[in-house]
Amino acid sequence: AATIDAVLINLSSYGYIPTEWVSVLFLVLFGITTALHFGQALFFRLWFLLPTAVLCGALEVAGWSGRLWSSINHVNCSNPAASTLAIANNSPYLLQIVTTIIAPTPLLGANFIILGRIIHLLGSRYSRLSSRLYSRIFLTCDIIALIVQGLGGGIAASANNGDQKQANLGGNIMLGGIIFQLVAIILYSSLATEFFLRYVKDRPLRHDSVAYQKRTKTTGRTKLLLLGMVLMTIFLFIRSIYRTVELAGGWNGSIITTQWLFDIFDGLMIILAMLTLNLLHPGILLLPEEARASPSSSSSEVGLHSSSERSVGPVKTY
């Protein structure tokens, strides 16, 4: 049996056979958090969470379904010949590699949007970019990263058996998308850190009529939301570093062929990021603050739009 398992692992594109209970656990956790995000988006009318957090969860569910599929292919085969054919089936492997690579990109977009709204709430005068420009720039980076990673995944998935050149090309394109995303996260974190430091020290970047207004007090809700964003960013940053190192090592590298590294530094990091957003949710923590800052706005309106600068007139939608 040990010899047969060794042969099957050799045939597996993973370099190992995904553990069934681990795949089931992550599949259940991603299913729960995705369902919660869907319900929260509808309840609070925060529609931007549908193409961000909910989409991320749906892609992760697809990816972990692929890993479970691979595991079941191995476990359920009653004879070596049938098992060999099942393990050699690349469909579940390709499904999971493409979806788990691009899945966190939409979730990062939610972070960009939320921070833009916090910047507007606390004072854009402390930010190097306006709240609207902040969201537009980083969401554009997010979309570019998503397209590049998806393109690379498509090229790798379409590689014929044994066409290592095409598979490597797809992998390199995906790596480029991951690196681009990592750079965007670093820039985003740097600008966000500068904003919060300037806010805490009351050192605005722009000295206009708005700058002389009294600084908005940070409430407990806002602090909790900021904590959630910091935690999410850390989890996504760790995952991006892991994926960069993983793909840089190639399809047969020691990182990509080690299961526990993937489970911890990819699966666990994204689960923690999604659950953090579930618990420290903008619908619970941000909407009451926006309503307090703009008493004339209804909760429905607050949920539907991204606030523009108060000084320039009516609120515009995203």
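Residues numbered from 1 in each chain as written. Predicted model: local features only at pLDDT ≥ 70, side-chain atom pairs only at ≥ 80, totals over all residues. Heavy atoms only, no water.

Where an unreviewed UniProt entry is consulted, the protein appears under the name RTA1 like protein-domain-containing protein, with the organism given as Vararia minispora EC-137.

(A) Main features of the environment of Thr 219. Here Thr 219 is to be found in the loop between helix H8 (164-201) and helix H9 (220-248). A relative accessible area of 18% places Thr 219 in the buried class. Counting along the chain gives 66 residues from Thr 219 to Leu 285, while the straight-line C-alpha distance between them is 9.7 Å. If sequence neighbours within four positions are ignored, Thr 219 has contacts with Glu 289 and Arg 292. Within the local environment of Thr 219, its side chain forms a polar contact with the side chain of Thr 222, the two groups lying 3.2 Å apart. (Helix = DSSP H or I, 4+ residues; strand = E, 2+ residues; numbered from the N terminus. Buried < 20%, exposed > 50% of the residue type's maximum accessible area, 1.4 Å probe, protein only. Contact = heavy atoms within 4.5 Å. Polar contact = N/O pair within 3.5 Å; in protein donor to acceptor, adjacent residues only side chain to side chain.)

(B) Geometry of a nonpolar patch on the surface. A surface patch of nonpolar side chains, amounting to about 570 Å² of accessible area, comprises Val 230, Ile 234, Ile 238, Trp 260, Ile 264, Phe 265 and Leu 268. Elements represented by at least two residues in the nonpolar patch include exactly H9 and helix H10 (259-279). Among the elements that take part in the nonpolar patch, H10 stands out by supplying 4 residues, more than any other. Classification of Val 230 by relative accessible area gives partly exposed; the value is 45%. (Patch = residues over 30% accessible without salt bridge, like charges linked within 9 Å, V, L, I, M, F, W, Y side chains within 5 Å. Areas by Shrake-Rupley, 256 points an atom, 1.4 Å probe, with all protein chains shown as cover. Salt bridge = Lys/Arg side-chain N within 4 Å of Asp/Glu carboxyl O.)

(C) How the structure looks around the confidence of the model for the protein. Chain-level pLDDT for the protein is 82 on average; 80% of the residues reach the 70-or-more range. Throughout residues 296-318 the model reports pLDDT below 50, and contacts reaching past four residues in sequence, or to other chains, amount to 46 contacts. (pLDDT = per-residue confidence, 0-100.)

(D) Quick peek at the nonpolar core. Counting 69 residues, the largest nonpolar core has Leu 49, Leu 107, Ile 118, Tyr 134 and Trp 251 as its most contacted members. Of all the elements in the fold, those that place two or more residues in this core are helix H2 (20-44), helix H3 (50-75), helix H5 (91-102), helix H6 (104-122), helix H7 (131-157), H8, H9 and H10. Counting residues per element, this core draws most heavily on H6, which supplies 11 residues. Apart from residues lying up to four places away in sequence, Leu 107 is in contact with Thr 52, Ala 53, Cys 56, Met 232, Leu 236, Ala 273, Met 274 and Leu 277. (Core = buried A, V, L, I, M, F, W, Y, C linked by side-chain atoms within 4.5 Å.)

(E) Looking closely at H6. Helix length check: H6, at 19 residues, gives a terminal C-alpha distance of 27 Å against a target of 27 Å (1.5 Å per residue), a fit within 8%. Where burial is concerned, most of H6 is hidden: 19 out of the 19 residues are buried. Of the residues trailing H6, Gly 123 is marked for its positive phi of about 130°. (Expected span 1.5 Å × (residues − 1).)

(F) Here's a closer look at the packing of H5 against H9. Closest axis-to-axis distance for the H5/H9 pair is 11 Å, and the angle between their directions is 140°. Between H5 and H9, the angle is such that the two are oblique. Taken together, the residues of H9 that come into contact with H5 (itself represented by Ile 97, Thr 100 and Ile 101) are Arg 239, Arg 243 and Leu 247. Along the lines of polarity and charge, the residues of the contact of H5 with H9 split into 3 nonpolar, 1 polar and 2 charged. (Axes fitted to C-alpha atoms, helices over the stretch in contact; angles between N-to-C directions. Parallel < 35°, antiparallel > 145°, perpendicular 65-115°, else oblique. Nonpolar A, V, L, I, M, F, W, Y, C, P; charged D, E, K, R; others polar.)

(G) Quick peek at the pattern of salt bridges. All told, the structure shown has 5 salt bridges when counted by the stated rule. Linking Arg 128 and Glu 194 is a salt bridge whose minimum nitrogen-to-oxygen distance equals 2.4 Å. One end of the pair, Arg 128, is in the loop between H6 and H7; the other, Glu 194, is in helix H8, with 66 residues separating them in the sequence. Residue Arg 128 is classed as partly exposed on the basis of its relative accessible area, which comes to 46%. Three or more residues are tied together by salt bridges with common partners; here these are Arg 239, Arg 243, Glu 246 and Asp 266.

(H) Layout of the environment of Ser 124. Along the chain, the position of Ser 124 falls in the loop between H6 and H7. Residue classification places Ser 124 among the buried residues on the basis of a relative accessible area of 9%. With 80 residues separating them in the primary sequence, Ser 124 and Pro 204 have C-alpha atoms 8.6 Å apart.

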